[in-house]
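An overview of the molecular structure
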Amino acid sequence: MQTVMVRGRVYNYSHTIGRNATGGPGFRHPVDLALGGNGVVYVINRGDEFQPCQRVSVITVDEEFIRDFGGVGTGDGQFTWPTAIALDGDENVYVADEWLNRISIFDRDGNYLGKWGTPGSGEGQINGPSGIVFDGNDNIYITEELNHRISKFTKDGRYISSWGSEGPGEGEFNHPWGIALDGRGDVYVADWHNDRIQKFSPEGEFLASFGGSGEGKGELKLPSDVAVDDEGDVYVTDWWNNKVEVFDPEGMPLTTFIGDAEELSKWAQEAVDANPDYVKARLRVKSLEPQWRFTRPTSIEISEDGKILVLDNQRARIQIYQKESDWVDPQFNL
């Protein structure tokens, strides 16, 4: 277990979930996740042109596979290029599709309920929905990658407001992606090609920006998602740099996660044990350390009990950390 202690915070690496699979217990190019009740996790799989398997995987943080639903196509309940997933207050599942420019809705068991969304750049239309999140009133914020803006709708698709335009200035965006809210309802946006996080009021008033282009501590290159914990600390999946940057509420860098999956997940270990050739191949590798690290992390979520779930796209898994709330540094009498 890897323990990180920094400025009064303590993080422990916990475990890893997942393996590469086109169905059942595993993921294929997972791009986003959402947390339900009782440790349930919903993961959207994007698939690819060689192995189309666009679907939602439903699992638990203890690596139990529950079900998957969805499918490839343009029909009701199907996906073409899914990008984001979120749950409303009733734990209905909303999935954004950037190709179809629509939001599809399912119940928690995967039954299709409906859809909404009109493609375009006008008021109330959407173009390239890339991130979605609900506020406390069950209204939904959508980052529109191709319209370079944030739009707000009721959960049944009625337009409320929007803000933003293309550019590098305050309140402007260049292909925004992930989005999150803090406990006060302020909005955080992963401004993908501007290499930064922008913070806004619920009404879209610019409040702050942090990050900046680079590879060092507190710097970002193509940030894909953002999350905020109950103490106001901000977590960013830094897609290009293969890391997670953590900032304090004022935007000052705290620490960096690079991935700590020294042990395979349960599902991956089962697959290796079932194939003697896999076992032999792993024994021939001089160092397995590259396997431990993040490779193109795309999404991050934080549970109410402080679990930090990082979706590792290219390695088809979730690495989980725990932020400790009652850590006591043991005393050693020498």
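Residues numbered from 1 in each chain as written. Predicted model: local features only at pLDDT ≥ 70, side-chain atom pairs only at ≥ 80, totals over all residues. Heavy atoms only, no water.

Turning our attention to the pairing of strand β4 (residues 40-45). Where burial is concerned, most of β4 is hidden: six out of the six residues are buried. Side chains Val40, Tyr42 and Ile44 project from β4 onto one buried face, and the interleaved Val41, Val43 and Asn45 project onto a second face that is buried too. With five bridges joining them, strand β3 (residues 30-35) and β4 adopt antiparallel strand pairing. Residue pairing for β4: Leu35 is matched across the bridge by Val41. From the end of β3 to the start of β4, which pair antiparallel, there are four residues, and Asn38 there has a positive phi angle of about 60°. In terms of strand pairing, β4 meets strand β5 (residues 55-60) through six bridges, oriented antiparallel. The partner of Val41 across the bridge, within β5, is Ile59. (Buried < 20%, exposed > 50% of the residue type's maximum accessible area, 1.4 Å probe, protein only. Helix = DSSP H or I, 4+ residues; strand = E, 2+ residues; numbered from the N terminus. Pairing = 2+ DSSP bridges.)

Looking now at the pairing of strand β6 (residues 65-69). Bridging between β5 and β6 involves four bridges; their strand directions are antiparallel. Bridged to Ile59 within β6 is Phe65. Linking β5 to β6, which pair antiparallel, is a turn of four residues; within it Glu63 sits at a positive phi near 65°.

This next bit is on the layout of surface pockets. Taken as a whole, the second largest pocket spans an internal volume of roughly 420 Å³. What lines the second largest pocket is a set of 18 residues, among which Arg19, Leu264, Ala268, Val272 and Gln291 lie closest to the centre. Elements that contribute at least two residues to the lining of the second largest pocket include exactly α1 (266-273) and α2 (276-284). Broken down by element, the residue count for the lining of the second largest pocket peaks at three residues, all from α1. (1 Å grid on protein atoms, 1.4 Å probe; cavity = no way out; pocket = protein on both sides within 12 Å on 5 of 7 lines; lining within 4 Å. Points joined across faces, edges and corners; volume = space filled by probe spheres on them.)

Coordinates in, geometry out; function isn't part of it.
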